[in-house]
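# Understanding the architecture of this molecule
In case you want the letters, here they are:
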Amino acid sequence: MWTQLATATGVLALLTIVPGPDMAVVTKRAIASGRTEALRTAAGITAGLLAWGVFTVVGLAAVLAASAEAYLVVKLLGAGYLAFLGAQALWQSRRAAPEPAVAEARGSGGAFVSGLVANMLNPKIAVFYTGVLPTLAPDGLSTAEGMGLLVLLHAALTLSWLGAYVYVVSRARSVFERPRVRRALDRVTGVVLIGFGLRVAAEA
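Residues numbered from 1 in each chain as written. Predicted model: local features only at pLDDT ≥ 70, side-chain atom pairs only at ≥ 80, totals over all residues. Heavy atoms only, no water.

## Points about the overall build of the protein
- Within the protein one finds eleven helices and zero strands.
- The C-alpha radius of gyration computed for the protein amounts to 18 Å, which stays within 12% of the reference 17 Å derived for 204 residues, consistent with globular compactness.
- If one aligns the C-alpha atoms of the protein with their principal axes, the spans along those axes are about 60 × 35 × 25 Å.
- Looking at the protein as a whole, 41% of its 204 residues are labelled buried. (Helix = DSSP H or I, 4+ residues; strand = E, 2+ residues; numbered from the N terminus. Rg over C-alpha atoms; globule rule 2.2 N^0.38 Å. Buried < 20%, exposed > 50% of the residue type's maximum accessible area, 1.4 Å probe, protein only.)

Spelled out as structure tokens, the structure:
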């Protein structure tokens, strides 16, 4: 059991650290609103993983993964949301003198919801949880117990990784608040988010 759990931890850790839409969304929030709001976005992403975990255990994620129509709808919604966030970042980069990150901070609800929505509109999580996660579940536990344990592990790894990433980014906040650097980062983040959106829309 412990060997299987160690293997599952390694797979989930690799899945977590590979740059993807979640990291791009957190980067956008960290640049625009600072450390606290970025951490709330990371918490929203983690909540999304837990929600997908519940859906998987009760069988709803399997329905989505098996239904081409449902998968397409969620995929296009997710792609559109990422493209919207990217366009928003590009629009912000048009400002002649971006405001400091602290001055742009919004309410915690918006940051949390943006992370939650970005994750919940990623149908690949449903496919991974229903297709791959069961093969990683350790022996000696029921299916629900094994899946629940791995989902909690994945959520903990994600929150830890994104939290550490936010800390590193926030350490360079003084650099990011320089108008020229800020505009460049907004543009890069916007292009990356739109690119992820197009990639999600184009994938089978």
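## Side note on the nonpolar core
- Counting residues in each nonpolar core, the largest one holds 19 residues, and the members touching the most others are Trp-52, Leu-64, Tyr-129, Leu-133 and Leu-150.
- Counting only elements with at least two residues in this core, the list comes to helix H1 (2-17), helix H3 (35-58), helix H4 (60-66), helix H5 (68-92), helix H7 (123-131), helix H8 (133-136) and helix H9 (143-171).
- Of all the elements, H7 adds the most residues to this core, at four residues.
- Ignoring anything within four residues of it in the chain, the contact list for Leu-64 reads Trp-52, Ala-70, Tyr-71, Val-74 and Ala-126. (Core = buried A, V, L, I, M, F, W, Y, C linked by side-chain atoms within 4.5 Å. Contact = heavy atoms within 4.5 Å.)

## A closer look at the environment of Trp-2
- Here Trp-2 is to be found in helix H1.
- In this structure the C-alpha to C-alpha distance between Trp-2 and Pro-138, which are 136 residues apart in sequence, comes to 7.6 Å.

## Quick notes on the packing of helix H2 (residues 21-33) against H5
- Running from amino to carboxyl end, H2 crosses H5 at an angle of 30 degrees, the nearest separation of the two axes being 11 Å. Considering the angle they form, H2 stands roughly parallel to H5. Along this stretch, H2 crosses H5, giving a crossing that reads as left-handed. Between H2 and H5, the contacting residues are Pro-21, Val-25, Lys-28 and Ala-32 on the first element and Leu-82, Leu-85, Gln-88, Ala-89 and Gln-92 on the second. (Axes fitted to C-alpha atoms, helices over the stretch in contact; angles between N-to-C directions. Parallel < 35°, antiparallel > 145°, perpendicular 65-115°, else oblique. Left-handed = near helix turned anticlockwise from the far one by under 90°.)

## Observations concerning the packing of aromatic side chains
- On inspection of all chains with the given rule, the structure shows two aromatic pairs.
- Geometrically, the ring pair formed by Phe-128 and Tyr-129 is tilted, given 6.1 Å between the ring centres and 50 degrees between the ring planes. We note that Phe-128, like Tyr-129, is buried. (Phe/Tyr/Trp six-rings, centres within 6.5 Å; stacked < 30°, edge-to-face > 60°.)

## Brief notes about the side chain of Ser-170
- In this fold, Ser-170 is placed in helix H9.
- Here the side chain of Ser-170 touches Arg-35 through a polar contact of 3.0 Å, side chain to side chain. (Polar contact = N/O pair within 3.5 Å; in protein donor to acceptor, adjacent residues only side chain to side chain.)

## Some words on the packing of H3 against H7
- At a minimum axis distance of 10 Å, the contact between H3 and H7 shows a crossing angle of 50 degrees. In this view, H3 runs oblique relative to H7, as classed from their interaxial angle. As H3 runs across H7, the sense of the crossing is right-handed. On the side of H3, the interface is formed by Leu-49, Trp-52, Gly-53 and Thr-56, while H7 contributes Ile-125, Ala-126, Tyr-129 and Thr-130.
- A per-class count over the contact of H3 with H7 returns five nonpolar, three polar and no charged. (Nonpolar A, V, L, I, M, F, W, Y, C, P; charged D, E, K, R; others polar.)

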